[in-house]
Amino acid sequence: MGPLVPEIITDELNLIVALLVGVAFGFILEQAGFSSSRKLTGLFYGIDFTVLRVFFTAGVTAMIGIVLLNGLGLLDTSVIYINPMFVTSALLGGAIMGLGFVLGGYCPGTSFCGAAVGRIDAMLFVLGGLVGAFAFGEAFPSLQAIYTARGLGDLTLPGVFGVSPGVVAVAITIVAIGAFVATGRIERRVNPDGPVSRFPVSRHRMAAVALVVVSVLVARLDRPEARLLATATDRAYAQAHPVRMVTADEVAFRILDDDPRLQVIDTRDAAAFTAFGLPRAINIPARDLFGKTWRDILGRERDLKVFVADDEGEAVTAARLATLLGYENVAALQGGLGGFRSEILGVTAHASVAAPNAETLDFRRAAAPKLTALIAARGAAKPVVRTAKKVAGGCGV
Amino acid sequence: MRAPYMNPYLAGVLLGTLLLVTVFITGRGLGASGAYRSTLSAAVETVAPQHAAANPFYAHSPVDTSPLKSWLVFELIGVVIGAFLSGVIANRLEFVTERPRHVTARRRLIMATLGGALFGIGAQFARGCTSGAALSGMAVMSAGGIVTMLAIFGSAYASAYFVRRLWIPAPEASHGPARS
């Protein structure tokens, strides 16, 4: 599951990836004409909307791709870098950059392309950029208040509008196509010999329709979590894919045996887990099974991971979900925690709970005080709260 | 003979695919202006280490390595190589100041430097430029990235008219009444 950094691709190798990505980035920008300041600024005078076409097509392509990979369970979007939202500095910085764009004719990435093909103005733009950043850096201590004002964190458009990423993807795709059509008309009028005059219109119409269809199809894939949960709770699926069940006796025996290959996973909420839990159990609510947060523990193939919850059904659902997510050696506690309490811990008090045989009854009688002591020693254990570790990124670092 | 530019939609699909692959592999998008900060941090640390230590702007992590050993610096070295290769293939390599005929080279170079400086300042405020904030931000549906994008293009369009003589010649009398 992506991103491949840092588990599969190390930080050192990542720098080689950066170099290769850069080569492709520079090549594409130059091929598209972004090494020319006159072509870039043509955007602002209605002469040449190439920049807008490349930019929006790239943004929409990557956006739909990310929704698709997430929908297929191939990319964990909860850990990728989201540019944080600081309203004041985003607006102020953007306004300053816009003025810099029309005066200088480049933006930072394109200025490096222009410099690479020998444009002296682009080289000076690069130099100017360093001077500007240095000026900002020197003034940084007094600018920090503006820099961090009105911070809203990793805010995304689906979060702002309360809709799924798929809906946002379709909406932005339609806006982009609308912009292509509108700017094409402007360009035809302002610059009849401009690049748009050489476009085969019917093919572009077909491409636009295809793009909308693709984005709608991808949007329907959205929310893999909901889909997997539905499968995990589906009765027909459950019958076809039974979950391995572990008896309370086996769990008790392995806990007392200090079996290193046993991992008890409690799926109840944090409050219930703090109040009562099995020794050495860890707390992972079912919704946290998605993504990479607990992958290190869940991915240990040789460990038997026993899901426990108040009732058996909940534990089975969590175990089935873990299996659907590709984890192996997963089981659920038979009878739930309620069963564990009455059968094992309450063996003397609940004489009515029948043990299958005398041997088991002896085991339970011996185990109950030891387990009770272990549970008491555990005390009110607070669950370890893990939040997904974000990838560092963006231009600030 | 210079090769024609690539179809913009094709270039866009290629660029978007590259961005997608980058996010899939590294969890982050493309960028450019962040390399300014890394380069400056390295320079200031070398020249005036105490001065650098006193200003959080020059701080970087991990502390014990050079700030030049950063993802964006390596990426930008790649950008220069890639653009150069493209320029060779398309026969576009030329050591020249690109300018409209009516603008002097001196004026164009001053404006390029000034524009660069503004971008240098603005990109630090906005935590990214057209690549890192606008394009990559759009791909991950970041509200911050999209607000920055709207601010860049809004400001550029708003000021374009006032500096139009940097790019478009004044209409000549022989061409009839002046265009609006």
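Just above sits the structure.
Read on for a plain summary of the structure. (Residues numbered from 1 in each chain as written. Chains lettered and ligands numbered in written order. Predicted model: local features only at pLDDT ≥ 70, side-chain atom pairs only at ≥ 80, totals over all residues. Heavy atoms only, no water.)

The next subject is the sheet that holds strand β3 (residues 244–246) of chain A. Residues and elements named next belong to chain A. The five strands lie next to each other as β3-β7-β6-β4-β5, forming an open sheet whose pairing is parallel. Only two strands of the sheet have a single partner each, and these edge strands are β3 and β5 (282–283). Both strand β4 (residues 262–266) and β5 contribute to a ladder of two bridges, which runs parallel. In the sheet register, Asp 266 faces β5, and the bridge partner there is Asn 283. Its contacts with the sheet put helix α15 (residues 312–324) on β3, β6 (304–308) and β7 (330–333), and the angle it makes with β7 is roughly 175°. (Pairing = 2+ DSSP bridges. Helix = DSSP H or I, 4+ residues; strand = E, 2+ residues; numbered from the N terminus. Contact = heavy atoms within 4.5 Å. Axes fitted to C-alpha atoms, helices over the stretch in contact; angles between N-to-C directions.)

Pairing is possible between side chains that carry opposite charge, provided their charged atoms lie close to one another. In total, this model carries 16 salt bridges over all chains according to the counting rule given. Between A:Glu30 and B:Arg92 there is a salt bridge, with its nearest N and O atoms 2.9 Å apart. You can see A:Glu30 sitting in helix α1 (residues 11–32) and its partner B:Arg92 sitting in the loop between α4 (71–89) and α5 (105–126), one on each of two chains. Here B:Arg92 falls in the buried class, since its relative accessible area comes to 2%. Notably, a salt bridge pairs A:Glu187 with A:Arg53, separated by 3.0 Å at the nearest N-O pair. Highlighted residues: A:Glu187 in helix α8 (residues 165–190) and A:Arg53 in helix α3 (residues 50–71), separated in sequence by 134 residues. Each of the two residues, A:Glu187 as well as A:Arg53, counts as buried. (Salt bridge = Lys/Arg side-chain N within 4 Å of Asp/Glu carboxyl O. Buried < 20%, exposed > 50% of the residue type's maximum accessible area, 1.4 Å probe, protein only.)

The next point concerns the nonpolar core. Among the nonpolar cores identified, the biggest contains 110 residues, and A:Phe44, A:Phe101, A:Ile172, B:Leu15 and B:Met149 are the most heavily contacted of them. At 13 residues, the largest contribution of residues to this core is made by α3(A). Setting aside anything within four residues of it in sequence, one finds A:Phe101 in contact with A:Leu40, A:Thr41, A:Phe44, A:Tyr106, A:Cys107, B:Phe119, B:Thr130, B:Ile152 and B:Phe153. Counting residues in each nonpolar core, the second largest holds 22 residues, with A:Leu304, A:Ala331, A:Phe340 and A:Ile344 among its members. (Core = buried A, V, L, I, M, F, W, Y, C linked by side-chain atoms within 4.5 Å.)

Time to look at helix α16 (residues 336–345) of chain A. All names here are of chain A. For α16, the set of buried residues is Gly 336, Leu 337, Gly 339, Phe 340 and Ile 344. In an axial view of α16, the angular spread of the buried residues amounts to 150°, which keeps them on one side of the axis. Against the buried residues of α16 lie α12 (248–256), β4, β6, α15, β7 and α17 (358–378). (Arc of directions from axis to C-beta.)

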